[in-house]
Amino acid sequence: MATAIISNSGAGSYTIVHVSDGDWRHPEKAATLATVAVEGGGRRLASMAVAAAKAYRQSEFNEYFIELERYAPAIGAYLREAGFSRWARAYSDGKRFDIMTTNIGECLNAALADAHKLPIQCLMEYIRNMLQQWFYERRGDASKMGGYITAWAEGEIGKRLALSRNWHPEPIDMYRFNVHDGHFGGIIDLKVRTYTCRVFDFDKLPCGHALAAARSHNIHPYSLCSSYYQTEALLCAYADPIMPVGSQAD
Ligand SMILES: [Zn+2]
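Keep in mind that this is a model prediction, so the values were computed, not measured.

Caption draft 1: Structural detail: the overall build of the protein chain. Of the regular secondary structure elements, the protein chain holds 10 helices and five strands. For the protein chain, with 250 residues in total, the buried portion stands at 24%. Restricting the contact set of the protein chain to residue pairs at least 6 apart, pairs at least 24 apart contribute 53%.

Pasting the structure below:
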C-alpha cells in the first residue's frame, strides 16, 4: 500500500514522504510541495495533516481536512489526489493505520543516519548488531511483564476505565448497547467489536464506550482485546535471537 504523510525532515522543513509499493507516479510533486509546506508554515501544516491522518471518524477527518485545504490548497489537492485511504486512518480499510502506526522505513532511516556512509559490508554488520541489541532489550522488557496483556495495553485500559466510570450504557440486546459519554453517543456492538467512535474498531482495544458496556454485563476487558496486545504475543515477536554472522574461516 502506498502511503503519503508529512514528516519532519530536519532544519524546520516538512516534506511529504512516500512509502510506496511502486504505485506512486509523481515523485517530482513531493519536492514542489515540500517547498510549499516550508513557505506556508510547515509546523502548522504538519499538525493539521497528522490530526487528519489520525482521526478515527470520517466526520472528524473532514473537519481537519477542510481546514488543511483552506490553509494550503496545493497540498490539500495533492493529498486528495493520493487518495484518503492511503494515508488517513478514518478511510483506511485495512490494518496499516490502526495496528501498524509506525512508519518502519522512516524509523530505520533515522536509526541508521550515522551509518549511511559505511561500506556495505560494515553497514550490514551495523544493522545486524543493532537488531541483536533491540531484540535482546525488547525480549527482556517483555519477559518482565507479568500480566495477560502488555504493560502499555494495561495502562490504556486503566485510563479508559477511569474515564468511562460514570457512563451508563442502555442495553438494546445481548451484545448491543447505546452509550453516551456526555458529548458523543452511539451504538456499541460487543460481538463484532464496533462503536460509532471507531476507536474500538481500529485499535482492537476496547474504548471507554466498550468498557462501560462490558462492565454493565460483567464482561472482562481482556476478552475484548485483540491477541496483538497479549504479553505472550510480544514475547513471541522477539523470541528468536539475532546471531552474529561469525568468521568465514570457522
Ligand atoms: Zn468509543
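From this point, the discussion proceeds with the structure in view.
Caption draft 2: Main features of the pairing of strand 4 (residues 176–180). Residues Phe177 and Val179 line the buried face of strand 4, whereas the alternating positions Arg176, Asn178 and His180 sit on a face that is not buried. Pairing of strand 3 (residues 170–171) with strand 4, which is carried by two bridges, proceeds in the antiparallel orientation. Bridging across to strand 4, Glu170 finds its partner in Asn178. Hairpin geometry of strand 3 and strand 4 is characterised by an intervening segment of four residues between the two adjacent antiparallel strands. Pairing analysis gives five bridges linking strand 4 to strand 5 (residues 185–189), with the strands arranged antiparallel.

Caption draft 3: Region of the structure containing the environment of Ile127. As for its position among the elements, Ile127 is in helix 6 (residues 120–143). Taking the number of C-beta atoms within 10 Å as the measure of exposure, Ile127 has 16 and is therefore partly exposed. Separated by 15 residues in sequence, Ile127 and Leu112 have C-alpha atoms that sit 7.8 Å apart.

Caption draft 4: Fine view of the sheet that holds strand 3. A sheet is described by the order of its strands in space; here three strands give the open sequence 3-4-5, paired in antiparallel fashion. The open sheet is flanked by strand 3 and strand 5, the only strands paired with a single partner. On top of the sheet, helix 9 (residues 208–216) reaches strand 4 and strand 5; it is set at about 125° to strand 4, its chief contact.

Caption draft 5: View of the confidence of the model for the protein chain. The share of residues in the protein chain with pLDDT of 70 or more is 78%, and the mean pLDDT across the chain is 80. Counting contacts from residues 7–40, a segment whose pLDDT is below 50, to residues more than four positions away or on other chains yields 54 contacts.

Caption draft 6: Highlighting unusual backbone geometry. Located in the positive-phi region is Lys204, a residue other than glycine, with phi close to 60°. The backbone of Asn218 shows a phi angle near 55°, a positive value even though the residue is not glycine. Here Asn218 lies in the loop between helix 9 and helix 10 (231–237). Since 6 C-beta atoms lie within 10 Å of it, Asn218 is described here as exposed.

Caption draft 7: Here's a closer look at the nonpolar core. In terms of nonpolar packing, the biggest core is built from 32 residues, with Ala52, Phe61, Tyr64, Leu68, Ile188, Ala210 and Ala213 touching the most fellow members. Looking at this core, the elements with two or more residues in it are helix 2 (42–54), helix 3 (58–71), helix 4 (73–82), strand 4, helix 8 (199–203) and helix 9. Two domains share this core, each providing at least three of its residues, namely domain 1 (3–91) and domain 2 (151–229). Apart from residues no more than four positions distant in its own chain, Ala213 is found in contact with Pro169, Phe177, Val179, Ile188 and Leu190.

Caption draft 8: Just the environment of Arg165, in detail. By secondary structure assignment, the location of Arg165 is in the loop between helix 7 (151–163) and strand 3. Assessed through the 11 C-beta atoms surrounding it within 10 Å, Arg165 is described here as exposed. Between the C-alpha atom of Arg165 and that of Arg215, which follows or precedes it by 50 residues, the distance is 9.3 Å.

How each quantity is defined
As a convention, each chain's residues are numbered from 1 in the sequence order in which they are written. The predicted nature of this model means local features are confined to residues of pLDDT at least 70 and side-chain atom pairs, given and counted, to a pLDDT of 80 or more, with totals for whole chains, interfaces and linings taken over all residues. Comment: elements are numbered from the N terminus, with helices defined as DSSP H or I runs of at least four residues and strands as E runs of at least two. The exposure label follows from counting other C-beta atoms within 10 Å of a residue's C-beta, where the C-beta atoms are placed from the backbone and the thresholds are 20 or more for buried and 12 or fewer for exposed, leaving partly exposed in between. Whether two residues are in contact is decided by their C-beta atoms, placed from the backbone, lying within 7 Å. A pair of strands counts as paired when DSSP detects no fewer than two bridges linking them. Axis definition: a line fitted to C-alpha atoms, limited for helices to the stretch in contact. Angles are taken between N-to-C directions and run from 0 to 180 degrees. pLDDT measures the predictor's confidence residue by residue and takes values from 0 up to 100. By our criterion, buried Ala, Val, Leu, Ile, Met, Phe, Trp, Tyr and Cys residues that link up through C-beta atoms within 7 Å make up a nonpolar core. The source of the domain bounds is an automatic or database domain assignment.

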